[in-house]
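# Reading the structure
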Amino acid sequence: MKDETFHFEAAINPYGCSAKVVEAVERFARSKQYRFYGEPDAASLRELLAAHHNLSPENFVVFNGAGEALAWTFLLNLVMRPGRLIAPHPSYERFVEAGKRYSAELIEVPLDEQNFSLSVNELIDACRTSRATLGLVSNPNNPSGNTLIDEAGMAKLLDDTPDCLWIIDEAYADYAGLSFASWVQERTNLMVLRTFSKAYGLAGLRVGCAVAHASVAQKLARVRLPWAVNSMSLAAAQAAIEDQDYLKEILGRIRNDCENFYSELCKIPFFHVHPTAANFFLIRLSGIEPSRLKKHLAAHRIQVRSRPDMPEYIRITSMLPQENQHLLNVLREFEP
Ligand SMILES: Cc1ncc(COP(=O)(O)O)c(C=O)c1O
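Residues numbered from 1 in each chain as written. Predicted model: local features only at pLDDT ≥ 70, side-chain atom pairs only at ≥ 80, totals over all residues. Heavy atoms only, no water.

### Looking at helix α4 (residues 93–102)
Three or more residues of α4 are buried, namely Phe95, Val96, Ala98 and Gly99. The buried residues of α4 all sit within an arc of 160° when viewed along its axis, so they share a single face. The outward face of α4, more than 90 degrees from its buried face, is lined by the exposed residues Arg94 and Arg101. (Buried < 20%, exposed > 50% of the residue type's maximum accessible area, 1.4 Å probe, protein only. Helix = DSSP H or I, 4+ residues; strand = E, 2+ residues; numbered from the N terminus. Arc of directions from axis to C-beta.)

Okay, here's the thing in structure tokens:
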């Protein structure tokens, strides 16, 4: 069935994956390779990930998306030493919800009300006071799109809170060009989550990984089920990481689309658009009734992201240029 809805609510890559990934999946299907069990521990993908991040395969544990990597990390923590989880607020609500279920207590450190920046010192103080054992930071952040922590902030955070394992969710890091993955060689209280769902355009195939010091990754690998990720998805992820030319091209295109979309969105009088390091925009609505705008968009089959704890905000992903243009036209028709 054809989906006639415009999906601005999902922070995906609207261009999709490389043609080489499609070829790899077709090849996989035609060869009937699916009759066999694949690699139990995603060894080939881990080798490619290691080469890509200049690390060793021992630093990687592959899961069905960053979400599954996080769930297993939470579970391990729950079983080993149920402790407190600390996270900035607002951040990716699905992961924070999972954290709440798996942790003794969730400590939320509010981001700046105006620009959603993070005070690393406040995070450190809250972590020390609460004696949190796990920390979760999305960098860039969802829903605000900004980078929360830079190199100096990360070094201080890891140095000052050695008993907390910091999970840095880098789902959108390809857009921002900043990754802490290489730091895991030196740091045992850092785990980086990476995913093929975003810039690589493979959200539905469910592949992601945890990157950590070998001693930490080993613990996580122990609880991971063999063949957890299906072999067709692994074949797709392998082809995706091998085609860095496509990734580079698509990142350039998306950056360009985002710049154009941002300057047009800023002209909408009832919008306050937050700058982004990712491919979506958090927008504060002012002087209008948010539900009226959402109704107007829904009447044009346009979905945007909203969340109950931020009623005056919506989040919009930059989709294909013609889709962005369509949304802008529909927004301009709205009578506040
Ligand atoms: C910050 C963040 N992390 C992770 C994910 C999902 O990652 P995965 O599809 O690998 O589970 C999302 C999806 O929206 C996200 O916004």
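### Examining the sheet that holds strand β10 (residues 280–285)
Pairing is antiparallel across the open sheet formed by three strands, whose spatial order is β9-β10-β12. Each end of this open sheet is capped by a strand with a single partner; those strands are β9 (271–273) and β12 (313–317). Between one strand axis and the next, the sheet turns by 30° as a mean value, whatever way the strands run. Strand direction decides the pairing type here: β9 and β10, joined by three bridges, are antiparallel. The partner of Phe271 across the bridge, within β10, is Leu285. (Pairing = 2+ DSSP bridges. Axes fitted to C-alpha atoms, helices over the stretch in contact; angles between N-to-C directions.)

### Quick word on empty space enclosed by the protein
Evaluated as defined, the whole model comprises two cavities of 30 Å³ or more. Along its surface, the largest cavity is lined by Leu49, His52, His53, Glu170, Ala171, Asp174, Arg194, Thr195, Phe196, Tyr200, Cys209 and Ile241. Within the residue set of the lining of the largest cavity, elements represented by two or more residues are α2 (43–53) and β7 (190–195). At three residues, the largest contribution of residues to the lining of the largest cavity is made by α2. In the lining of the largest cavity, the residues fall into six nonpolar, three polar and three charged. Its boundaries defined by the atoms lining it, the second largest cavity holds a volume of some 70 Å³. Along its surface, the second largest cavity is lined by Glu93, Asn142, Pro143, Leu282, Arg305, Ser306, Arg307, Met310, Tyr313, Ile314 and Arg315. By residue number, the principal contributor to the lining of the second largest cavity is β12, which donates three residues. In terms of residue class, the lining of the second largest cavity is built from five nonpolar, two polar and four charged. Three or more residues apiece are contributed to the lining of the second largest cavity by two domains, here domain 1 (6–15 + 245–333) and domain 2 (19–242). (1 Å grid on protein atoms, 1.4 Å probe; cavity = no way out; pocket = protein on both sides within 12 Å on 5 of 7 lines; lining within 4 Å. Points joined across faces, edges and corners; volume = space filled by probe spheres on them. Nonpolar A, V, L, I, M, F, W, Y, C, P; charged D, E, K, R; others polar. Domains from an automatic or database assignment.)

### Observations regarding the domain arrangement of the protein chain
On domain assignment, one finds that the protein chain holds domain 1 (6–15 + 245–333) and domain 2 (19–242). Measuring from the centre of the C-alpha atoms in domain 1 to the corresponding centre in domain 2 gives 26 Å. Listed as interface residues are 22 residues of domain 1 and, on the opposing side, 27 residues of domain 2. Overall, the association of domain 1 and domain 2 removes approximately 1,900 Å² of surface from exposure, summing both partners, and the carbon and sulfur fraction of that is 55%. Three residues stand out in domain 1 for area buried against domain 2, namely Leu247, Ala277 and Arg307, and they jointly supply 26% of the buried area on that side. Inspection of the region where domain 1 meets domain 2 yields two salt bridges. Across the pair Arg305 and Glu93 runs a salt bridge whose closest N-O atoms are separated by 3.5 Å. Counting only elements with at least two residues in the side of domain 1 that touches domain 2, the list comes to α10 (244–265), β10 and β12. No other element matches α10, which puts five residues into the side of domain 1 that touches domain 2. (Contact = heavy atoms within 4.5 Å. Buried area = accessible area lost by both parts, 1.4 Å probe. Salt bridge = Lys/Arg side-chain N within 4 Å of Asp/Glu carboxyl O.)

### Re the site of the ligand
Looking at the ligand, there are 14 residues lining it, with Ala66, Asp169, Tyr172, Thr195 and Ser197 nearest. Take Asn142: an N or O atom from its side chain is 2.7 Å from an oxygen atom of the ligand. Against a free-state accessible area of 400 Å², the protein chains account for coverage of 92% of the ligand. Partitioning the shell around the ligand into residue classes produces five nonpolar, six polar and three charged. (Near = heavy atom within 4 Å. Polar contact = N/O pair within 3.5 Å; in protein donor to acceptor, adjacent residues only side chain to side chain. Areas by Shrake-Rupley, 256 points an atom, 1.4 Å probe, with all protein chains shown as cover.)

### Let's talk about the pairing of strand β8 (residues 208–212)
Counting buried positions along β8 yields five of five residues, so the element is predominantly enclosed. Burial along β8 is two-sided: the residues Gly208, Ala210 and Ala212 and Cys209 and Val211 are all buried. As judged from the four bridges shared by strand β2 (residues 60–63) and β8, these two strands associate in the antiparallel manner. Bridged to Phe60 within β8 is Val211. The sheet contact formed by β7 and β8 spans five bridges and is antiparallel. Counterpart to Val192 in the pairing with β8 is Val211.

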